[in-house]
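# A structural walkthrough
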Amino acid sequence: MPLFPLRRIASFAKPGHFISRFSSPTSFTPRRFYYGYISDSKMAPSLEPFFKHGAGLRKAVAIPSISAQDENRPDVVRMAQFLADELTALGAEVQQRPLGKQPGKEHLELPPVVIARYGNDKNKRTILVYGHYDVQPALKEDGWATEPFELTIDEKDRMYGRGSTDDKGPVLGWLNVIDAHRKAGVEFPVNLLCCFEGMEEYGSEGLDDFIQAEAKQFFKDTDAVCISDNYWLGTEKPCLTYGLRGCNYYSVSVEGPAQDLHSGVFGGSAHEPMTDLVNVLSKLVDAQGNILIPGLMDLVAPVTEEEKSLYGDISYTMENLHESLGSETGIHPNKERTLMARWRFPSLSIHGVEGAYSAPGAKTVIPAKVIGKFSIRTVPNMESADVNKLVFDHVQAEFAKLNSKNKLNVWLQHDGKWWVASPKHWNFSAASKAVEQVFGVAPDMTREGGSIPVTLTFEQATGKNVLLLPMGSSTDAAHSVNEKLDRRNYIEGTKLLGAYLHYVAEEPNSA
Ligand SMILES: C[C@H](N)C(=O)N[C@@H](Cc1c[nH]cn1)C(=O)O
Ligand SMILES: [Zn+2]
Ligand SMILES: [Zn+2]
């Protein structure tokens, strides 16, 4: 790896250099835009029209690419086109690959996978980066302080908007890195393959088969994989992530009456679906987070003494937990147990009920059919089929105890496997050096409580090491109201992705 690009990237890591031009709209001129230094003192509080991909994040957030809502499918497709156009303008070879019909919703076409290649030099390593361009649902009336699909920057440089941290900010981070190298005239250190999907928040429908099929085709040159789609443990210290929990997502429906009923007329004389459902849901998990499904915890691999010893050194405090919760309602008394609950043990969450009255005001209706939704985050060594059997048997058994004449159905909506990798690989060493360069600290090695279903697929299909390199922080509220990405994380995170690619280029092969 020639020294020159690394020197350039070292200066790129210092405040005030080219990435910071996107924080200085007032001093923007085309001449200075060309890799020009703009002093920090001129930083303006807003991200308005500066540098293409700062503006790009605003445009991306404005597209409500909600994969879970059928009516937003055209927006998801529009978002794919947006990314494809941006990548093409940056000089990448881009394809939008169809994935066919959505299983169970055959009237809907799955959104395309956007794949791209930037560089094709046999003497360079090839890094495959994955991200997703779909987002969770969001409505202003859910409690957002601002419009969810309008990037809004406050006085503390927090950039609010659905998808800002999960995962449009990180995806655009990769594009920013390409753009910055082109503008700076710095040779790109690796060949980059991109794989950006539009169904991650709905269980990555269709992507596994695509990755398997392309492993020896489009992805064949891959030397390592990097995914930026999770979060730091706190707000100050970056981390590298080597594990994820899996996710089995279930629906349970209860139905009886032919239509909704007047509760004054029929209350007390008919079995009520909502009452049955609430009873069944209450038998899944207790208030301390203990899963009540018999046999489920027996599937979990025992925690070793060596593993336990890793938790003490992680930079995390109960204050970090409280800050990201926005309250002091954590279950466990200390950081070790809290982190184990998040990374090492399964959890069961109840997400909502379809068909139940949820608008403000008092409506005295008995819903005729309700569908409860819950998911289980899985960990080693839980196999999806075993989990499903225990869940289905338990739900049916609890329903039977109610002696209700209603009808219950329970089914799996989607599942994704847990993943744990070895961080002793050049991919992780390169990222660790990049963190030290950009942030001046060694990263924590973490696992993540959330799920990225295709991580394991990439590992198995390519046979290569996978690294998770997060950009956002613990207070970003991904999936929640007021999701945000701090401008600092966006800027420094973009530098981190760029520095990582330079270290990848010079890191020796792992033993
Ligand atoms: C960690 C990642 N950014 C994420 O949010 N993943 C989702 C994936 C998922 C699984 N089932 C449905 N979506 C998550 O962990 O909820
Ligand atoms: Zn995500
Ligand atoms: Zn997500």
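Residues numbered from 1 in each chain as written. Chains lettered and ligands numbered in written order. Predicted model: local features only at pLDDT ≥ 70, side-chain atom pairs only at ≥ 80, totals over all residues. Heavy atoms only, no water.

Under an unreviewed UniProt entry, the name given to the protein chain is Cys-Gly metallodipeptidase dug1, and the source organism is Penicillium angulare.

### A short note on the sheet that holds strand 16 (residues 407-416)
The strands that make up a sheet pair up through hydrogen bonds in the backbone, lying either parallel or antiparallel. We apply this condition: At least two DSSP bridges between two strands are needed for those strands to be called paired. By definition, any uninterrupted DSSP run of H or I lasting at least four residues is a helix, any uninterrupted run of E lasting at least two residues is a strand, and each is numbered from the N terminus. Every axis corresponds to a line fitted to the C-alpha atoms, with the helix fit spanning only the stretch in contact, and the corresponding angles, defined between N-to-C directions, vary from 0 to 180 degrees. We call two residues contacting when some pair of their heavy atoms lies within 4.5 Å.
Pairing within the open sheet is antiparallel, and its four strands lie in the order 13-15-11-16. Strands with a single pairing partner mark the edges of an open sheet, and in this sheet they are strand 13 (347-354) and strand 16. Here the average twist between neighbouring strands, direction ignored, is 20°. Against the sheet, helix 12 (residues 384-400) makes contact with strand 11 (246-255), strand 15 (369-378) and strand 16, and its axis sits at roughly 160° relative to strand 16, the strand it touches most.

### Thoughts on the pattern of salt bridges
So the rule is basically this: Salt bridges are counted wherever a side-chain nitrogen of Lys or Arg sits within 4 Å of a carboxyl oxygen of Asp or Glu. Exposure classes here rest on a 1.4 Å probe applied to the protein chains alone. A residue is buried below 20% of its type maximum, exposed above 50%, and partly exposed in between.
Tallying each qualifying case throughout the model produces 26 salt bridges. With its nearest N and O atoms 2.9 Å apart, the salt bridge here joins Asp-70 to Lys-105. Here Lys-105 lies in strand 3 (residues 105-109) and Asp-70 lies in the loop between helix 3 (52-61) and helix 4 (73-89), a separation of 35 residues in the sequence. Between Arg-117 and Asp-221 there is a salt bridge; the shortest N-O distance is 2.7 Å. Taken as a pair, Arg-117 in strand 4 (residues 113-118) and Asp-221 in the loop between helix 6 (207-214) and strand 9 (224-227) lie far apart in primary sequence, 104 residues in all. Judged by relative accessible area, Arg-117 falls into the buried class, the value being 9%. Since its relative accessible area comes to 22%, Asp-221 is described here as partly exposed. Through salt bridges with shared partners, a single network forms among Arg-117, Lys-220 and Asp-221.

### Quick notes on the UniProt feature "site: Important for catalytic activity" (unreviewed entry) in the protein chain
For clarity, the threshold we go by: UniProt positions are given in the numbering used here, feature names are shortened, and annotations may be inferred rather than shown by experiment.
Taken from the UniProt record, the annotation "site: Important for catalytic activity" (unreviewed entry) applies to His-262. By secondary structure assignment, the location of His-262 is in strand 12 (residues 261-262). Non-local contacts of His-262, meaning those with residues more than four positions away in its chain, are made with Gly-267, Thr-364 and Ile-366.

### Structural notes on the domain arrangement of the protein chain
Accessible area lost on assembly of the parts is the figure often given for the size of an interface. What counts here: All the domain ranges listed were derived from an automatic or database domain assignment. Simply put, the buried area is the total loss of 1.4 Å probe accessible area from both parts when two parts are fitted together. Contacts described as polar in this section are N or O atom pairs within 3.5 Å, which, within protein, must combine one atom able to donate a hydrogen with one able to accept it, while residues neighboring in sequence count only if both atoms come from side chains. Gly is put with the polar residues, along with every residue not named as nonpolar or charged; the nonpolar set is Ala, Val, Leu, Ile, Met, Phe, Trp, Tyr, Cys and Pro, and the charged set is Asp, Glu, Lys and Arg.
Per the domain assignment, the segments making up the protein chain are domain 1 (31-244 + 418-506) and domain 2 (246-301 + 344-416). With centres defined by C-alpha atoms, the gap from domain 1 to domain 2 works out at 34 Å. Facing the 10 residues of domain 1 at the interface are 12 residues of domain 2. Buried surface at the junction of domain 1 and domain 2, both sides included, amounts to about 850 Å², of which 54% is carbon and sulfur. Its largest share of buried area at the contact with domain 2, domain 1 owes to Trp-418, Arg-447 and Ser-451, together 60% of the area lost on that side. Where domain 1 touches domain 2, the interface holds zero salt bridges. Between the two partners, domain 1 and domain 2, sit four residue pairs in polar contact (both at pLDDT 80 or more). A class-by-class count of the residues in the side of domain 1 that touches domain 2 yields five nonpolar, four polar and one charged.

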